[in-house]
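Single-letter residue listing:
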Amino acid sequence: MKKSFFKITMLILVLCTTSIQNLRAQVSKNSQTNSTIQSNKKNKIVIIVSSYGKDNGKQRPGFDMEEFSQAYLIFKANDLIIDIASPRGGKADAGKFNKEKPYNQQIVQDATVMQMLDQTIPTANLNANDYDALYVVGGKGPMFDLVVDPALQDFIADMYKKKSIIATICHGTIALANIKIDNKYLVENKALTGYCNEEEKMFGKTAADFPFLLEDKLLSRGAKYKKIDAMLPYMLIDDNLITGQNPYSANLVAEEIIKSLGKKPVKRDKFKDELSMDLVKKFTYEDATFAKTELQKNSNKYDLELIAIYGYYHAMHAKEDIEKLKKAVSIIELVTPYYFNEDLYVPLSEYYLKLGNNSSAIATLDKILEKNPKSERAVKLLGNIKK
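Criteria and thresholds
- Residues numbered from 1 in each chain as written.
- Predicted model: local features only at pLDDT ≥ 70, side-chain atom pairs only at ≥ 80, totals over all residues.
- Heavy atoms only, no water.
- Helix = DSSP H or I, 4+ residues; strand = E, 2+ residues; numbered from the N terminus.
- Buried < 20%, exposed > 50% of the residue type's maximum accessible area, 1.4 Å probe, protein only.
- Contact = heavy atoms within 4.5 Å.
- Salt bridge = Lys/Arg side-chain N within 4 Å of Asp/Glu carboxyl O.
- Pairing = 2+ DSSP bridges.
- Phe/Tyr/Trp six-rings, centres within 6.5 Å; stacked < 30°, edge-to-face > 60°.
- Disulfide = S-S within 2.5 Å.
- Core = buried A, V, L, I, M, F, W, Y, C linked by side-chain atoms within 4.5 Å.
- Axes fitted to C-alpha atoms, helices over the stretch in contact; angles between N-to-C directions.
- Parallel < 35°, antiparallel > 145°, perpendicular 65-115°, else oblique.
- Left-handed = near helix turned anticlockwise from the far one by under 90°.
- Nonpolar A, V, L, I, M, F, W, Y, C, P; charged D, E, K, R; others polar.

Caption draft 1: Main features of the overall build of the chain. Along the backbone of the chain there are 15 helices and eleven strands. Within the span of the chain, comprising 387 residues, buried residues form 48% of the whole. Residue pairs at least 24 apart in sequence account for 73% of intrachain contacts in the chain once pairs closer than 6 positions are excluded.

Written as structure tokens, this is what we have:
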């Protein structure tokens with residue numbers, strides 16, 4: 001009897017041990033499965049664009065295609081589920097844009113995304129529980145509709161409360177300006193950026209064209225607004241808010257969204273204009289020698305005309321500020337060994353004269369005449385110098 005009892009007890013122990021081991025194995029398997037499901041989960045983002053545009057910006061300004069297309073391509077490459085929404089829903093018109101830019105070409109030739117832009121979701125139909133992130137595209141249109149869209153404001157507020165990612169680019173940051181949570185402006189004491197007053201003055205609109213300027217509005221709401229030199233890539237992160245200053249910041253913002261979703265952005269080849277503005281930023285703020293050396297080795301990788309025009313615009317707006325003029329001229333000089341354009345070289349010679357550098361002015365004019373001996377502007381200016 002004792003032997004039988006002992007056998008039964010041992011059998012029960014074996015069965016219990018086996019059951020526990022099986023249970024542990026099943027729990028471990030379920031845990032691994034859940035982890036795999038979680039890691040393979042596709043995140044969903046909604047891109048917000050303006051409905052204000054009409055006739056491709058000819059009658060009313062719309063959203064900025066460059067800011068849309070570059071971000072969209074990054075979201076798509078990183079396997080995000082993408083929706084596109086606008087205040088009115090339906091067709092959303094971009095402002096005038098360069099269809100030859102490679103990123104814009106990809107969008108225009110993609111029938112699916114073009115159909116999405118023709119059939120945008122009304123912001124009133126958005127539910128924060130459906131999305132992990134949102135990205136507000138800039139352009140001039142948002143200054144007229146996104147800033148006063150109550151449905152969009154409610155959606156962003158709900159996204160903010162659930163700690164989802166809220167990202168904006170350029171004029172798109174204006175969508176945050178009028179949102180209140182607990183009777184306090186969302187942007188108050190938040191580090192934010194967006195299209196600055198200097199950029200409006202140099203490349204955009206004025207207070208007379210807009211109901212207000214973005215930088216002024218954000219500051220009036222108590223935001224900790226920050227910026228760097230006009231049109232250089234710049235991004236700020238504050239809690240779950242990601243903001244970019246201008247169109248050249250779009251890729252920075254888009255890839256930061258991917259990182260904030262816990263993913264590593266897929267490797268990609270940067271576009272020429274993107275590389276060019278990165279280089280100007282490095283030259284301006286970090287390492288001037290590197291920028292010069294890089295162009296000596298790889299000038300073909302960069303948009304030399306873009307760099308020259310960037311310097312030209314800064315020189316033109318420097319007016320009587322000699323230090324700003326020197327800085328602008330130094331940017332133009334980055335590309336003069338590899339790029340020639342008479343329309344830029346003539347004013348460059350005038351900037352040299354303004355800086356008291358007659359020898360450089362003469363050398364620049366001589367180069368123009370070497371390329372175009374009949375240049376009346378160069379002949380006239382050179383004659384005035386030698387009088």
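Caption draft 2: Here's a closer look at the pattern of salt bridges. In the structure shown here, the tally under the stated rule is 18 salt bridges. Note that Glu294 is salt-bridged to Lys301, the shortest N-O span being 3.5 Å. Looking at Glu294, the relative accessible area reads 11%, which means it is buried.

Caption draft 3: Geometry of the sheet that holds strand 4 (residues 133-136). Spatial ordering of the open sheet is given by 3-2-1-4-5-11-10, a layout of seven strands whose pairing is mixed. Pairing within the sheet leaves two strands with one partner each, and these edge strands are strand 3 (121-122) and strand 10 (235-238). Here strand 1 (residues 44-48) pairs with strand 2 (residues 81-86) via five bridges, running parallel. By the bridge assignment for strand 2, Val46 is matched with Asp83.

Caption draft 4: Examining the packing of aromatic side chains more closely. In the structure shown here, the tally under the stated rule is ten aromatic pairs. Relative to Tyr72, the ring of Phe68 lies with its centre 5.7 Å away and its plane at 25 degrees, an arrangement referred to as stacked. Of the two residues, Phe68 and Tyr72 are both situated in helix 2 (residues 65-77); the distance of four residues between them amounts to about one turn of the helix. With respect to burial, Phe68 and Tyr72 carry one shared label: buried. Of the aromatic side chains, those joined through ring pairs into one cluster are Tyr52, Phe144 and Phe210.

Caption draft 5: Layout of the state of the cysteines. A complete count under the given rule lists zero disulfides for this structure. Not part of a disulfide, Cys170 finds its nearest cysteine sulfur in Cys196, a span of 9.3 Å.

Caption draft 6: The pairing of strand 2, seen in detail. Judged by how many residues are buried, strand 2 sits mostly within the fold: five of six residues are covered. Where strand 2 lies against strand 3, two bridges are found, and the strand directions are parallel. The residue bridging Ser86 from the neighbouring strand is Pro122, located in strand 3.

Caption draft 7: Examining the side chain of Ser51 more closely. Residue placement: Ser51 occurs in the loop between strand 1 and helix 2. Overall, the relative accessible area of 2% leaves Ser51 in the buried class. Excluding its chain neighbours within four sequence positions, the residues that come into contact with Ser51 are Ser86, Pro87, Arg88, Gly89 and Asp145.

Caption draft 8: Representation of the nonpolar core within the structure. Of all hydrophobic cores here, the largest spans 62 residues; its most connected members are Ile47, Phe63, Phe68, Phe75, Tyr135 and Ile257. Ignoring any residue separated from it by four or fewer positions in sequence, one finds Phe75 in contact with Ile45, Ile47, Leu80, Ile82, Tyr135, Ala254, Ile257 and Ile258. Core analysis: the second largest hydrophobic core is formed by 35 residues, Leu134, Leu152, Ala177 and Leu213 among them.

Caption draft 9: Just the packing of helix 11 (residues 304-318) against helix 12 (residues 322-335), in detail. Viewed as axis vectors pointing N to C, helix 11 and helix 12 meet at an angle of 165 degrees, and their least axial separation amounts to 8 Å. Judged by the inter-axis angle, helix 11 sits roughly antiparallel to helix 12. Crossing hand, helix 11 versus helix 12: left-handed. Residues Leu304, Ile307, Ala308, Tyr310, Gly311, Tyr312, His314, Ala315 and Ala318 of helix 11 pack against Lys324, Leu325, Ala328, Ile331, Ile332 and Val335 of helix 12. When its residues are assigned to classes, the contact of helix 11 with helix 12 shows twelve nonpolar, two polar and one charged.

Caption draft 10: Region of the structure containing the environment of Met235. Considering the arrangement of structural elements, one finds Met235 in strand 10. For Met235 and Thr193, which are 42 residues apart along the polypeptide, the C-alpha to C-alpha distance reads 7.1 Å. Every residue in contact with Met235, bar those within four places of it in the chain, is listed here: Ile242, Thr243, Gly244, Leu252, Val253 and Glu256.

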